[in-house]
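Given next are the chains, with one letter for each unit.
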Amino acid sequence: MSGWRPLLLALAAASISACATVDTDPPALSQVVADPPDAFLSAVPGQNASVDEQWWLRFDDPVLADYVERTVANSPAVLAAIAQVEQARAAARITRADLFPQASAGLDASRSRQNLAGNGLGALLGAGGESGEDLDGDADGDDAPVSITSDSFQLTGQVSWEIDLWGRLGSQSAAARADYLASEQNLRAVRQSIAAEVTRTYFDLVTSRNQVAVSEELVDAIAEVARQVGNRAEVGIAPPNDRTLAIANLGQARSGLAQRREALERVTRGFDQLTRAYPDGDVVAAQVLPEVPAPPPAGLPAELLLRRPDIRAAEWQLRAAGLRLQAAQRSFLPGISLTGNAGTSSSALENLLDGDFFVWTIAGSILQPIFQGGRLRAQADQAEGVQAEAIANYTDAVLQALTEVETALAVEEQLLARQEAAQFAAEAARASVDISFNRYRAGLDPFVTVMESQQRALDANAAYLDAVSARLENRINLHLALGGGFGEPGAAAAETQD
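Here the residue index of a chain counts from 1 through its sequence in written order. It should be noted that, the model being predicted, local features are given only for residues of pLDDT at least 70 and side-chain atom pairs only at 80 or more, the latter also being counted only at that level, while totals for whole chains, interfaces and linings use all residues. Values shown for side chains rest on all heavy atoms present in the structure; no hydrogens or waters enter the calculation.

**Some points on the overall build of the protein chain**
Within the protein chain, the secondary structure is distributed over 13 helices and five strands. Per-residue accessibility, obtained with a 1.4 Å probe over protein chains only, is compared with the maximum for each type, and a residue is labelled buried under 20%, exposed over 50%, and partly exposed between these values. Buried residues in the protein chain amount to 39% of all 498 residues. Note on contacts: a residue pair is in contact if any heavy atoms of the two residues lie within 4.5 Å. In the protein chain, of all internal contacts separated by at least 6 residues, the share reaching a separation of at least 24 is 84%. Of the roughly 27,200 Å² that the protein chain leaves accessible, carbon and sulfur atoms contribute 55%. A helix here means a DSSP run of H or I that spans at least four residues, while a strand means a run of E at least two residues long, and both kinds are numbered starting from the N terminus. Per-residue and other accessible areas follow the Shrake-Rupley method at a 1.4 Å probe size, with only the shown protein chains counted as cover for residues.

**Regarding the environment of Gln 368**
For Gln 368, the location among the structural elements is in the loop between strand E5 (358-367) and helix H10 (375-410). Only 2.9 Å separates the side chain of Gln 368 from the backbone oxygen of Phe 332, close enough to count as a polar contact. In the analysis that follows, any N or O atom pair within 3.5 Å is treated as a polar contact, provided that within protein one partner can donate a hydrogen and the other can accept it, and provided that, for residues neighboring in sequence, both atoms belong to side chains.

**Examining the side chain of Arg 188**
Mapped onto the elements, Arg 188 comes out in helix H6 (residues 168-234). Among the polar contacts listed, one links the side chain of Arg 188 to the side chain of Gln 185, at a separation of 2.9 Å.

**Here's the deal with the packing of helix H3 (residues 62-74) against H6**
Only the stretch in contact is used when fitting a helix axis, every axis being a line fitted to C-alpha atoms; angles between N-to-C directions are given from 0 to 180 degrees. Their axes nearest at 9 Å, the elements H3 and H6 cross at an angle of 140 degrees. The interaxial crossing formed by H3 with H6 has right-handed handedness. Contacts from Val 63, Leu 64, Tyr 67, Val 68, Thr 71 and Val 72 of H3 reach H6 at Arg 191, Ile 194, Ala 195, Val 198, Thr 199, Tyr 202 and Phe 203. Residues were grouped as follows: Ala, Val, Leu, Ile, Met, Phe, Trp, Tyr, Cys and Pro as nonpolar; Asp, Glu, Lys and Arg as charged; and all remaining residues, including Gly, as polar. Residues belonging to the contact of H3 with H6 are distributed by class as follows: 10 nonpolar, two polar and one charged. Helix crossings fall into two classes, left-handed where the near helix is turned counterclockwise from the far one by less than a right angle and right-handed where it is turned clockwise.

**Notes on helix H9 (residues 309-330)**
With 22 residues, H9 should reach 32 Å at 1.5 Å per residue; the first-to-last C-alpha distance of 32 Å fits that figure. H9 sits mainly inside the fold: 18 of its 22 residues count as buried. Every helix has an expected span of 1.5 Å times one less than the residues it contains.

**Side note on H6**
Residues separated by three or four positions in an α-helix point in the same direction, a consequence of the helix having 3.6 residues per turn. In this model H6 runs 96 Å from its N-terminal to its C-terminal C-alpha over 67 residues, within 8% of the 99 Å that 1.5 Å per residue would give. At the exit of H6 stands Gly 236, carrying a positive phi of roughly 85 degrees.

**Considerations on the packing of aromatic side chains**
Here the aromatic set is Phe, Tyr and Trp, taking the six-membered ring for Trp, and pairing holds for ring centres within 6.5 Å; pairs whose planes are under 30 degrees apart are stacked, those over 60 apart are edge-to-face, and all others are tilted. Tallied over the entire structure, the rule returns seven aromatic pairs. Aromatic side chains Tyr 67 and Tyr 202 sit 6.0 Å apart centroid to centroid with 50 degrees between the ring planes, which places their arrangement in the tilted category. Residue Tyr 67 is found in helix H3, and its partner Tyr 202 is found in helix H6; the two are separated by 135 residues along the sequence. For the pair Tyr 67 and Tyr 202, a shared accessibility class is recorded, and that class is buried. On the numbers, 6.3 Å between centres and 35 degrees between planes, the contact of Phe 437 with Tyr 440 is tilted. Taken together, the residues span about one helical turn, with Phe 437 and Tyr 440 both in helix H11 (residues 412-441) at a distance of three residues. Taken individually, Phe 437 and Tyr 440 each receive the classification buried, so the pair is uniform in this respect.

**Re the pattern of salt bridges**
Here the idea is simple: oppositely charged side chains can pair when their charged atoms come close. Whenever Lys or Arg places a side-chain nitrogen within 4 Å of a carboxyl oxygen from Asp or Glu, that contact is recorded as a salt bridge. Taken as a whole and assessed by the stated rule, the structure comprises 21 salt bridges. Glu 216 serves as the salt-bridge partner of Arg 261, at 2.8 Å between the closest nitrogen and oxygen. Highlighted residues: Arg 261 in helix H7 (residues 240-274) and Glu 216 in helix H6, separated in sequence by 45 residues. Since its relative accessible area comes to 40%, Arg 261 is described here as partly exposed. Since its relative accessible area comes to 30%, Glu 216 is described here as partly exposed. Put simply, Glu 234 and Arg 243 hold a salt bridge, and the shortest N to O gap is 4.0 Å. The partly exposed category is assigned to Arg 243, whose relative accessible area is 33%. Connected through salt bridges with shared partners, the residues Glu 197, Arg 200 and Glu 473 form a single ionic network.

**Considerations on the side chain of Ser 173**
By the secondary structure assignment, Ser 173 is in helix H6. Taking relative accessible area as the criterion, Ser 173 reaches 9% and is therefore assigned buried.

**Some remarks on the confidence of the model for the protein chain**
Within the protein chain, residue pLDDT values average 83, and 86% of them lie at 70 or more. Note that pLDDT drops below 50 for residues 127-132; the model gives that stretch seven contacts with residues more than four away or on any other chain. Within the model, pLDDT remains below 50 along residues 489-498, and this stretch shows 16 contacts once partners closer than five positions in the same chain are excluded. The pLDDT value tells you how sure the predictor is about a given residue, anywhere from 0 up to 100.

**So, a nonpolar patch on the surface**
Among the surface-exposed residues, Leu 107, Leu 155 and Leu 353 lie close enough to one another that they form a single nonpolar patch of about 340 Å² accessible area. Take Leu 155: it is sitting in strand E3 (residues 146-163). A patch consists of residues whose relative accessible area exceeds 30% and which take part in no salt bridge; residues with like charges are grouped when within 9 Å of each other, and nonpolar side chains (Val, Leu, Ile, Met, Phe, Trp, Tyr) when within 5 Å.

**Focus: the nonpolar core**
It is characteristic of soluble globular proteins that their nonpolar side chains tend to be buried jointly. Joining through side-chain atoms within 4.5 Å is the link that ties buried Ala, Val, Leu, Ile, Met, Phe, Trp, Tyr and Cys residues into a set, and such a set is a nonpolar core. Residues Tyr 202, Phe 203 and Phe 447 are the most contacted members of the largest nonpolar core, which totals 56 residues. Take this core: its biggest share by element is 20 residues, from H6. Beyond its immediate chain neighbours, meaning those up to four positions away, Phe 203 contacts Phe 59, Leu 64, Leu 289, Pro 290, Leu 472 and Ile 476. Core analysis: the second largest hydrophobic core is formed by 20 residues, Ala 298, Ile 311, Ala 397 and Ala 401 among them.

**Regarding the packing of helix H4 (residues 76-97) against H6**
One can describe the packing of H4 onto H6 by two numbers: an axis separation of 8 Å at closest approach and a directional angle of 170 degrees. Regarding the angle of H4 to H6, the classification is roughly antiparallel. Together, Ala 77, Val 78, Ala 81, Ile 82, Gln 84, Val 85, Ala 88, Arg 89, Ala 91, Ala 92, Thr 95 and Arg 96 of H4 and Gln 172, Ser 173, Ala 176, Arg 177, Asp 179, Tyr 180, Ser 183, Glu 184, Leu 187, Val 190, Arg 191 and Ile 194 of H6 make up the contact between the two elements. Considering only residue class, the contact of H4 with H6 consists of 13 nonpolar, five polar and six charged. Any angle that is under 35 degrees is reported as roughly parallel, and any over 145 degrees as roughly antiparallel; angles of 65 to 115 degrees are reported as roughly perpendicular and all others as oblique.

**Some remarks on unusual backbone geometry**
Despite not being glycine, Asp 60 has its phi angle at roughly 55 degrees, a positive value. Tracing the backbone through its elements, the reader meets Asp 60 in the loop between helix H2 (29-32) and H3. With phi around 60 degrees, Arg 276 is a residue other than glycine that occupies positive phi space. Residue class for Arg 276 comes out exposed when judged on its relative accessible area of 52%.

What follows is the structure, given as structure tokens:
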């Protein structure tokens, strides 16, 4: 026993030196951002409610809600993400299987024939052979060749087990499970992204239809003005150039209408594609844009780390990288394996279940890596690089998330002011059209003023619709930035306890 002591001491020392502690936890918010605030700087004070899980319902549009739910369930991007989750789950199960003994059973059967020189051997074996052997040959001739045909049957069971004494296999299994949990968070992120894209495109569709409707209304008004100006020019009340200008103004308005109809066709076909419908342009949607709902609660910056699926995915990827670094470091330690074989062996098939023919073998081995050309060290260095990359990706994801939330909160007030100003401008521009035309008929203003007021009315109405659409899009971005929708924040953490 004394001869084993130096070896055991050497193995213990190697385990202490090689199994350095690897931090697999993600950095705290204070490590990513210097002096982070307790609350978002642009958030409304007192907002501490939970973030909406189905935020698209706040727009109070059942048609939109149906589009979102159906598209999220059937989107190719979501289906691909689900397939990736299934792959990651299977990979985790495969890696976990290495922690358990591996058992297999086999049945071997063979028949062989050998030719032996006669001489004295034929005489010795001429009387026959053992059970399971057939002897063929010429018994009358001393030199006649002798052939032996023999049967062999084996029923065996094999068990092998690599003992995870240092935790290398456990680290690899935990890393694969972290990859699986990261893929689940990526699935949440894809679902949120698809929901936001459907909502955004739906509002673009409604906006484009309203733009076309406003443009058609103004084109009709410009056409009526052009008709009246033409009549005035024919009787000599207005100069001929006014009729020419009116015709040019009408042509320009019709060109703008065609351009807006083109934009509507594009966004309609894009919405069809997004919702997996045939792109026939027949989309049911609301007539007008909804009222912009109250802003959702922003919560606390630290809570964002638990809500945002992209941050959660980066966190699990960071844990996986740290666990693989642990496994790479522990690959320097000796591997301990146990193997066992048991079964029966006989030349007769009927004896395979007879205990008298039972045989077994048990073996153990310790394999210590000594020289592999630097492969193990290179694997450890590679794992360290992967961990450093995962830390950088996690930091970038946190900073990006904080920026998106603060930006969406900060521009809310400016977008509201823009909408109110655009609405006031649109109403004034519409009134200006009638005033300018009445003054033109009274001979107080030139026709150019009428043209300018008409174009200004068209632009002002388009600007108002764009302002409302911008507020809705920012609200979508805010919901997306806060990580609302598709899963509770603690769901992934609970998975680790299974």
